[in-house]
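Fold and contact review
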Amino acid sequence: MERRLFGLQRLTAMVLAPLVLVHLGLVLVAIRGGLTAGEILARTQGSVGWALFYGLFVVAVAIHAPIGIRNVLREWTGLASRAVDCLALGFGGLLLVVGLRAVWAVVG
Amino acid sequence: MRPHRNHRAYWAFLGHRLSGLALAVFLPFHFLALGLAVEAAALDAFLVWTDLGVVKLAEWGLVVLLAVHMFFGLRLLVLELRPWPAGDARLGWILPGLAASLVVGGVFLIGAF
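Residues numbered from 1 in each chain as written. Chains lettered and ligands numbered in written order. Predicted model: local features only at pLDDT ≥ 70, side-chain atom pairs only at ≥ 80, totals over all residues.

Scanning chain B from N- to C-terminus turns up 4 helices and 0 strands. Its helices and strands in sequence order give chain B the pattern α-α-α-α, from N to C terminus. Reported as C-alpha extents along the three principal axes, the dimensions of chain B are approximately 60 × 25 × 25 Å. Burial analysis of chain B (113 residues in total) assigns 24% to the buried set. Intrachain contacts of chain B at a sequence separation of at least 6 include 75% that bridge at least 24 residues. (Helix = DSSP H or I, 4+ residues; strand = E, 2+ residues; numbered from the N terminus. Buried ≥ 20, exposed ≤ 12 C-beta atoms within 10 Å, placed from the backbone. Contact = placed C-beta atoms within 7 Å.)

Taken residue by residue, the interface counts 31 residues in chain B and 30 residues in chain A. Sorting elements by how many residues they give to the side of chain B that touches chain A places helix H1 (residues 8–35) of chain B first, with 10 residues. Residues that form the side of chain B that touches chain A fall into these classes: 23 nonpolar, 5 polar and 3 charged. (Nonpolar A, V, L, I, M, F, W, Y, C, P; charged D, E, K, R; others polar.)

Interaxial distance between helix H1 (residues 2–30) of chain A and helix H3 (residues 53–81) of chain B falls to 10 Å at its minimum, and their mutual angle equals 145°. At the point where H1 of chain A passes H3 of chain B, the crossing takes the left-handed sense. Contacts between H1 of chain A and H3 of chain B involve Arg10, Ala13, Met14, Ala17, Val20, Leu24 and Val27 of chain A on the former and, on the latter, Val63, Leu66, Ala67, Met70, Gly73, Leu74, Leu77 and Leu81 of chain B. Residues of the contact of H1 of chain A with H3 of chain B, tallied by class, amount to 13 nonpolar, 1 polar and 1 charged. (Axes fitted to C-alpha atoms, helices over the stretch in contact; angles between N-to-C directions. Left-handed = near helix turned anticlockwise from the far one by under 90°.)

Now for helix H3 (residues 48–76) of chain A. Over its 29 residues, H3 of chain A extends 41 Å from the first C-alpha to the last, a length consistent with the 42 Å expected when each residue adds 1.5 Å. Residues Tyr54, Val58, Ala60, Val61, Ala62, His64, Ala65, Pro66, Gly68 and Arg70 of chain A constitute the buried set of H3 of chain A. Looking at the buried side of H3 of chain A, the elements it contacts are H1 and helix H4 (81–107) of chain A together with H1 of chain B. (Expected span 1.5 Å × (residues − 1).)

Right under this line is the structure:
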């Protein structure tokens, strides 16, 4: 279990690194002149490419972040390991649902 | 700070961990805000807030935290998955990672204001 989670976190980190680089680049470009819904949606709506890009981003982050949160809670709090596992799993589910909903909202 | 913790690698560990925690707290709210895009008017009403100086400053903080987490995370991947080099070269990844994050933050500030 621990070995699998360790591997999954590193694997998702390798997926996320280039996605974060592109996302940061996009943020730096998009922020110029202020943000508007029209400008954001013009870029993303109906785009299969951005749907796949941010869909993968959400799935990877919904695996990566809860494993990190699980490590922090196990090392820095006195919570029982079963409670920590439940919290991490719930957090991952939340990220997946609201994240995919956000992708759907901007590309749909 | 105990001596074994007053070390550049410990500060890098702390920077990576705290930036990850902050991003994890922020992410659900970011996704919820983007979910408003189902109605462009609702998203625009929200985006009005992003014109406020204090909100831009918060966005700058998040951009820097994301960059720090990525650069320090890349350092961890290299440190854990690549053969260990002679000497302590991995310390050499910390300051450039921090500097690159601050450059990203600087470019953001120039664009935002």
